[in-house]
Structure formats: C-alpha cells, structure tokens
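# Descriptive structure summary
Chain by chain, the residues:
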Amino acid sequence: MISNYIKLAWRILGRKKFFTFISLFGISFTLGILMVILSFLQSELGTDKPLTYKNDFVYLNTLSLKTDFFDTIVSIDTTFLNDEMVLDSSFEIKGTGSMNWNSELNNGIAEEYLSDLESAEEVSIFIPSSEHDVYVNGVKQTFSALYGDPSYWNIIDHQMLEGRVFDQKEMDAVAKVLVVSDKSAENYFGTKEGVLGKEMFIDGTNYKVIGMYAHTGKIMPYVSPDIVIPYTNANLDNQDSFYHGFFNVLYKKKKGVSADKLKEEIVYAATRIPMDHPSKPEGYEDIVFRPNTYDEDYAQAIYYEREASKSYSIMKWIIISLIAFFVILPTLNLINLNVSRIMDRSSEIGVRKAFGAHRGNIISQFIIENIVQTILGGLIGFGLALALINMINKGGYLMNARLELSPKFFMYSFLVTILFGILSGLLPAYKMSKLQIVNALKENKL
Amino acid sequence: MIKLKNIKKVYRTKTIETTALNDIDLHVPKGEFLSIMGPSGCGKSTLLNIIGLLDAPSDGNILVAGKSIKNYASKETSRFRNEKLGFIFQSFHLIPDLSVLDNVELPLLYRSISSKERRTLAEEALASVGLANRKSHFPSQLSGGQKQRVAIARAIVGNPEIILADEPTGNLDSVMGDEIMGILTKLNKEEGTTIVMVTHDERMAKKTDRLIRLYDGSQVA
Ligand SMILES: Nc1ncnc2c1ncn2[C@@H]1O[C@H](COP(=O)(O)OP(=O)(O)OP(=O)(O)O)[C@@H](O)[C@H]1O
Ligand SMILES: [Mg+2]
C-alpha cells in the first residue's frame, strides 16, 4: 500500500513539473535554512564534545563592587498670579541609586572564597582568552591562550589526540608547558605530527608542548582556545586589586542539584569576602556576583543585559521568530499550494472512496505523497545547507564558530523534514478526506 | 439483495428545492440484471448512488445484502462498499497517473492482502475483459471502449456481489457498447453477480432481466 502511494506520488511530481518546481524550491530553501540554524544551535548549544557537560555549567565572569546612594531632588513648582501665590506644589523626591564597578575576578578571591562550594563537583579558574602575537617564519599569527588549571580539562571535555594535560604539581612549579589544539599546532609547526616535546615561543617564553586536543570552533573563547597554559605562568601581579583581576570561574554542578542552588551558593559566597582590603576603591561597600548557566552566559555575550536571564529570553525569542519566519510562512504557502494541487484530484478521491477507501486511507495517502515531496526537497535543502555551512566555516562569518555536522544534526534535520512533510500535508489531506463522494465524482476531470 | 423503502431525495439550496426521488420502493433480488431508464434529470443517477451507498437518502430505508445503512461516512460502510459493491461510471473515472494494472488493483488496496496477490487478481480481471496485453499502458493511451473495459475490470476485481453501472455505454459507439453489454451479461449469467444499470438505450435495456422507468423522481413502470 505505502509503496503504491510512493509510486503514485513520484508520478504526480513528474506530471506537474511546474507545481513540483515551485514547491520543491520553497521546501528546499526552507529546510536548507532550517538545517543551518539547527547546525548552529547544535554546534554552539548542543552537548557534543567538548560541551559534554554544558548543561551542568555555572559561569561567573564578573565581580561587581557596588555602592548605594541616596539622592534628594527638590522640585519647585509654584504658581504666582499678580504676585500672589495661588498654587504651591513643590515637592521632594528621595531617590536611591547604585553604582557598580564590574570587572573580572582576582584569582586570589576565586581560590579563597569560590573554590569550595557544596553543590559544585568541579571548579576551574582561568583567564579565558589572552591574545598573543606569534611570529612564524616572519608571518604574524594571533593565538588565543587560555591560562587555566587542571580542573579545566574535567569541565571542558576536549578530545585529546595526543599526550596529556598538565597537573597540579606542574601548576605549583610554574612549569613551562602547554597543551595545544591540533589546528594551532598545524599553524605553528606546519604539521600536526610529532609536535609533542617541541617548544612554542609565546609572550616571551618557551613552552614545551605536552598534549594536543582536537580544535572545535566555538564563539565562547574558553571553550575552544588555541593553547592552554597553567595560569601560574600568567603575570598575576598586574591584576587591578585584591578584588578585581583577569579571572573567570567555571563550575560543573553536582548531579541532582539544581543550577539555581549552586548560583545561590556563589551569590552567598560574596558575603564572606572581607571589605576592608586597602586596595578596595573608595566608597564601595558590597560585592555582588551574578552567576549564569551556559545558555544564559551565551545569550549575554551576544546581547548584553545585566540580568543574563533577560538576555536568554531575548535570544530565545529571536531564535523562535527566526524559525517562525523561515518555517511557518513557507509552510502556509506550501499548504496553500497543496490544497489547490489536491483539489485537482477530487474525482480520484471520489473513486477511491467509492471503492472502499475510508478517510484514514485518503489522509495517509496524501500525507505520504507530501512526505515524498518533502524528502526530495529535504535532500536538496541538505545540499544547500552543506554549501552554506561550508561557506560560513571557510569565511568565518560567525566569529570563531565552526558549524559542525554531527550525527545529532543529521537526525534533527531528518526529523524536521518529516515533521514539515506531515504538517504541511495534514490540513490539505484532512480537507480532502471530508469530500462527499457524489460531489467529488461530479468533478468530471478524469 | 437490495431493498429500498419509501426512498426520498430532496436537494435543497437557498432558493430552490428539487425533489430528485419521490417515494421509491424497489426490490432487486440476488442475481437479477436490472436496468433503469428515464429522461434526463429524472433521478436515475441519484437512485443508483443511493443504492451504491455513495449518497444518503433524505428519507426512507435502505437494505443492501441484508444490512441497513445509517452512517455513510463510517469505516464499516467503506468496508462494505469495498467488499460487496463495484461501480462503473459513464465517464470511466480512471486515475490518469496510475497504469491500467494499478487502476484495476485499486479496490484491493483497501483490503489486507499481499501485493503479490493483488497483482495476480488484477491481472486475472484484466484478462477477463480481454486487456491482458495493455496492463502497463496509461488511461490516456486507451480508446473509450478499452477504458470502460478497464473500469469493468476494476469493478469486478474484488469479486463484488453487486455491480452498479451508470450509463456504462453512454460514451461509446454501438459496437463498443455491445461489447461492454456482452461482458456484463456474461458476468451476470456466469458469476451470478447482481447488476443495476442505468441506460438511455432501449436496445441495451431489452437485454436485461427487468426494466424500470423513472419520471420526475417517481417510478412509472
Ligand atoms: N447536488 C445537487 N444539487 C441540486 N440538485 C441536484 C443535485 N444533483 C442532482 N440534482 C437534481 O436532481 C435531479 C436528478 O438528477 P440525476 O443526476 O439523478 O438525473 P439523471 O436521471 O441521472 O439525469 P441524466 O440522465 O442526465 O444523467 C435533477 O433535476 C438534478 O438537477
Ligand atoms: Mg445520470
């Protein structure tokens, strides 16, 4: 039965070439764009390596020094008439305001007050991205270095290709070692082969390569740095104050506790930080932490709002409207096209019903036909998406983001295609299935 | 086999009301070849559609193969049409995108039988109307008489108890018409299939067991 429908669908597509062309054009364009969006979401916000534990992340990148102040504004509003006061509506506004001095954290604060939290399974303290110019054969390249700790490797799940990562002993000993991404190894040495044990000259120091991991292009710099160096090698004395510095803190929460719980603990940790250090700028009395989940932090990086949850909901709506624009409009259009295409075949429906087809048969026939068409469009759309993704990756149009073609991406694309086929076919099929036999047969088109 | 009691069919639109059938009582015994005649617009097709459960009467009772029919949209009625009835239309109503064989196979799609068995049955039905060698053609590649023979093959492939034919020879010349009549008569005689046929042609009607005449929605003979 299904094979009969597929055969018929194929023939009808071939017979109505113009219709087929128009609808395939729409379908493949829609699905192509949708697949690019899917690939982006999966690459940036999915849980493929190295973001395996991404849903357990809580991220703190700012320490806010805060001061509250009171303002009194007197507004004089008195009306005189012939030198006599007739109306006195003067009033005072007592306003409150606050001032924030935001910066990244000093590693001392992070180590002392933020490293040992109940709900955290892992804590990593790092400088997310410092750019260093490196000259290779006289050509300048820029490497983004992450100055990190051993825990970093337990949270960001890089795929190690060779060698190992550094340990606490090397951290403490300020060992001149680094771990490099395969892409950067190739850029620096001209090859990925046999780079272990070689030295890289970064920021005036020679570091020995002890490991290599697979490069993945992500917008968040700390997720795909070019090189990772123990942070004890960084020039920590240049940090602003006891409070402010270069560092971010990335947590992986324990299984079973909520991210909100961990956030609360981080927020609470601020109260334990002494406010009497001489390096504290004048006038600030409080410390505020605003930790975020990965998705929130991501949204905030793209569209800044002080409350990251607001950024997140804005980003969510942008994505939803994008999808709506690229999917709902073409779907409606396709439904419309399908209705007129099927209406042409009302006498076929009359015949089928006269010979025993019930409504379910008619509906499934047209949905299968529509799915055949959509899969065809999906294949073309997939080609389109591959070309676009390739172009985006080559041209680097999305900052550092590399759109991946993961198995999940294929699966989602396929699901979206089928869903699109069902949705755009359902309404026309349902409408047709309701046709009265006698009326359908009167359309004497066969 | 078929019993109609006080069947009435009224078409209502906003402005006019047409009584297409008025108190029709009809009994068609098993194995009968009945023909219906009457002037254009007298309600022949309407009556045939009601017998074939394609349309609901406005009033009256209908009993087909011992069953009274109430819900025309139900799965059960679909199944009943599929198993007991076969239709032949004046304008053939073959599906242009399906090959001859696929057209003939169509009623069997709605039964749970294997595709191999469907093929075999469809080929047999085609052979019985003398078109075994045209099975891969498409309807547009056939003559009118051939199309109607395909339509007959489609009507008989499911081995129905009743065949309902609405002017099956109406679009054909007399030679082809005779050929079609021959097939139907043979089916009636050899298989015992009950046939109800609407026709404008006295000559054809004479070859059937019984003739009834409609005039303005009522039976007059
Ligand atoms: N859907 C409809 N709405 C309104 N009136 C209808 C409808 N279908 C049929 N009629 C009317 O019912 C009457 C009977 O129609 P029917 O098609 O049964 O005639 P007929 O005897 O088959 O005619 P012909 O020999 O021309 O095929 C006609 O007057 C026709 O106008
Ligand atoms: Mg008629």
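Rules of the game
Residues numbered from 1 in each chain as written. Chains lettered and ligands numbered in written order. Predicted model: local features only at pLDDT ≥ 70, side-chain atom pairs only at ≥ 80, totals over all residues. Heavy atoms only, no water. Helix = DSSP H or I, 4+ residues; strand = E, 2+ residues; numbered from the N terminus. Rg over C-alpha atoms; globule rule 2.2 N^0.38 Å. Buried < 20%, exposed > 50% of the residue type's maximum accessible area, 1.4 Å probe, protein only. Contact = heavy atoms within 4.5 Å. Pairing = 2+ DSSP bridges. pLDDT = per-residue confidence, 0-100. Core = buried A, V, L, I, M, F, W, Y, C linked by side-chain atoms within 4.5 Å. Axes fitted to C-alpha atoms, helices over the stretch in contact; angles between N-to-C directions. Salt bridge = Lys/Arg side-chain N within 4 Å of Asp/Glu carboxyl O. Expected span 1.5 Å × (residues − 1). Nonpolar A, V, L, I, M, F, W, Y, C, P; charged D, E, K, R; others polar. Near = heavy atom within 4 Å. Polar contact = N/O pair within 3.5 Å; in protein donor to acceptor, adjacent residues only side chain to side chain. Phe/Tyr/Trp six-rings, centres within 6.5 Å; stacked < 30°, edge-to-face > 60°. Buried area = accessible area lost by both parts, 1.4 Å probe.

A tally of regular secondary structure across chain A gives 13 helices and 15 strands. For 446 residues, the compact-globule formula gives about 22 Å, and the C-alpha radius of gyration of chain A, at 31 Å, lies well above that figure. Over its C-alpha atoms, taken along the principal directions, chain A stretches across nearly 95 × 95 × 45 Å. Per-residue burial over chain A gives 49% buried out of 446 residues.

Right, let's get into the overall build of chain B. Regarding its fold elements, chain B presents seven helices and 10 strands. The C-alpha radius of gyration computed for chain B amounts to 17 Å, which stays within 12% of the reference 17 Å derived for 221 residues, consistent with globular compactness. Expressed as lengths along the three principal axes of its C-alpha atoms, the size of chain B is roughly 50 × 40 × 35 Å. Once local pairs closer than 6 in sequence are excluded, the contacts in chain B between residues at least 24 apart make up 71%.

For the rest of this paragraph, the subject is the sheet that holds strand β1 (residues 2–12) of chain B. Residues and elements named next belong to chain B. Taken in spatial order, the four strands make up an open sheet running β2-β1-β4-β5, and their pairing is antiparallel. On the outer flanks of this sheet lie β2 (17–28) and β5 (67–68), each paired with one strand and no other. Where strand β4 (residues 59–64) meets β5, two bridges bridge the pair, whose relative direction is antiparallel. Considered in β5, the bridge of Leu-63 is made with Ser-68.

Considering the arrangement of structural elements, one finds Leu-419 of chain A in helix α12 (residues 407–433). Sequence separation between Leu-419 of chain A and Ile-371 of chain A is 48 residues, and the spatial gap between their C-alpha atoms is 8.7 Å.

Summing up the model confidence of chain B, the mean pLDDT is 91 and the portion of residues at 70 or higher is 100%. This prediction of the complex comes with two scores: 0.75 for pTM and 0.94 for ipTM.

A separate point is the nonpolar core. Residues Leu-114, Tyr-222, Tyr-251 and Phe-289 of chain A are the most contacted members of the largest nonpolar core, which totals 74 residues. Residues Met-432 of chain A together with Leu-47, Leu-54 and Phe-87 of chain B belong to the second largest nonpolar core, which totals 59 residues.

What follows is about the pairing of strand β3 (residues 33–37) of chain B. All names here are of chain B. Burial within β3 is extensive, with five of its five residues counted as buried. Because side chains alternate across β3, one face comprises the buried residues Phe-33, Ser-35 and Met-37, and the other comprises Leu-34 and Ile-36, equally buried. Direction of pairing for β3 relative to strand β8 (residues 194–198): parallel, over a ladder of four bridges. Looking at β8, one finds that Ser-35 is bridged to Met-197. Where β3 lies against strand β9 (residues 210–215), four bridges are found, and the strand directions are parallel. From the neighbouring strand, Ile-36 faces β9, where its bridge partner is Ile-212.

What follows covers the sheet that holds β9 of chain B. Residue and element names in this part refer to chain B. With respect to topology, six strands assemble into an open sheet ordered β6-β7-β8-β3-β9-β10, the strand pairing being mixed. The strands lining the two open edges of the sheet, one partner per strand, are β6 (85–88) and β10 (218–219). Set on the sheet, helix α5 (residues 144–156) makes contact with β6 and β7 (162–166); between it and β6 the angle comes to about 170°.

As a further point, take the pattern of salt bridges. The full count for this structure, using the stated rule, is 30 salt bridges over all chains. By sharing partners, the salt bridges in this structure join Lys-7 of chain A together with Asp-102, Glu-105, Arg-118 and Arg-119 of chain B into a single network.

Moving on to α5 of chain B. Taking 1.5 Å per residue as the helical rise, α5 of chain B with its 13 residues ought to reach 18 Å, and the 19 Å between its terminal C-alpha atoms agrees with that figure. Counting buried positions over the 13 residues of α5 of chain B gives 11, a clear majority of the element. Here α5 of chain B has its buried residues at Gly-145, Gln-146, Gln-148, Arg-149, Val-150, Ala-151, Ile-152, Ala-153, Arg-154, Ala-155 and Ile-156 of chain B. For α5 of chain B, the secondary structure elements touched by its buried residues are α10 (346–354) of chain A together with β6, α3 (100–109), α4 (115–128), β7 and α6 (174–191) of chain B.

Let's shift gears to the packing of helix α2 (residues 17–45) of chain A against helix α8 (residues 294–302) of chain A. All names here are of chain A. Remark: α2 packs on α8, axes separated minimally by 11 Å, with the N-to-C direction vectors making an angle of 115°. Across the interface between the two elements, Phe-40, Glu-44 and Leu-45 from α2 touch Tyr-294, Asp-295 and Tyr-298 from α8. Looking at the contact of α2 with α8 residue by residue, the class counts come to four nonpolar, no polar and two charged.

Residues and elements named next belong to chain B. Its place among the elements puts Leu-21 in strand β2. With 114 residues separating them in the primary sequence, Leu-21 and Lys-135 have C-alpha atoms 40 Å apart. Residues within four places of Leu-21 in sequence aside, it is in contact with Ile-7, Lys-8, Lys-9, Gly-43, Thr-46, Leu-47, Ile-50, Leu-214 and Gly-217.

Neighbouring ligand 1 are 13 residues, the closest being Ser-40, Gly-41, Lys-44, Ser-45 and Thr-46 of chain B. Nearby residues around ligand 1 are contributed by chains A and B. Within the side chain of Lys-44 of chain B, a nitrogen or oxygen atom sits 2.7 Å from an oxygen atom of ligand 1. Take His-200 of chain B: an N or O atom from its side chain is 3.2 Å from an oxygen atom of ligand 1. Sorting the residues of the shell around ligand 1 by element identifies β2 and α1 (44–51) of chain B as the ones contributing at least two each. Among the elements that line the shell around ligand 1, the one with the most residues is α1 of chain B, at three residues.

Looking now at the packing of aromatic side chains. Residue and element names in this part refer to chain A. Per the stated rule, a full pass over the model turns up 20 aromatic pairs over all chains. Ring geometry for Phe-143 versus Tyr-188: centroids 6.2 Å apart, planes at 90°, classification edge-to-face. In this pair, Phe-143 sits in strand β7 (residues 139–148) while Tyr-188 sits in helix α6 (residues 182–189), placing the two residues 45 residues apart along the sequence. Taking the relative accessible area as the measure of exposure, Phe-143 reaches 2% and is therefore buried.

Right, let's talk about the interface of chain A and chain B for a bit. With 25 residues of chain A at the contact, the number on the chain B side is 29 residues. Summed over both sides, the interface of chain A with chain B buries roughly 2500 Å², with 61% coming from carbon and sulfur. Taken together, chain A and chain B are joined by one salt bridge. The shortest N-O distance in the salt bridge between Asp-102 of chain B and Lys-7 of chain A comes to 3.3 Å. Sorting the residues of the side of chain A that touches chain B by element identifies α1 (2–15), α10, α11 (359–395) and α13 (437–442) of chain A as the ones contributing at least two each. For the side of chain A that touches chain B, the leading source of residues is α1 of chain A, giving seven residues. Residue composition of the side of chain A that touches chain B, grouped by class: 12 nonpolar, seven polar and six charged.

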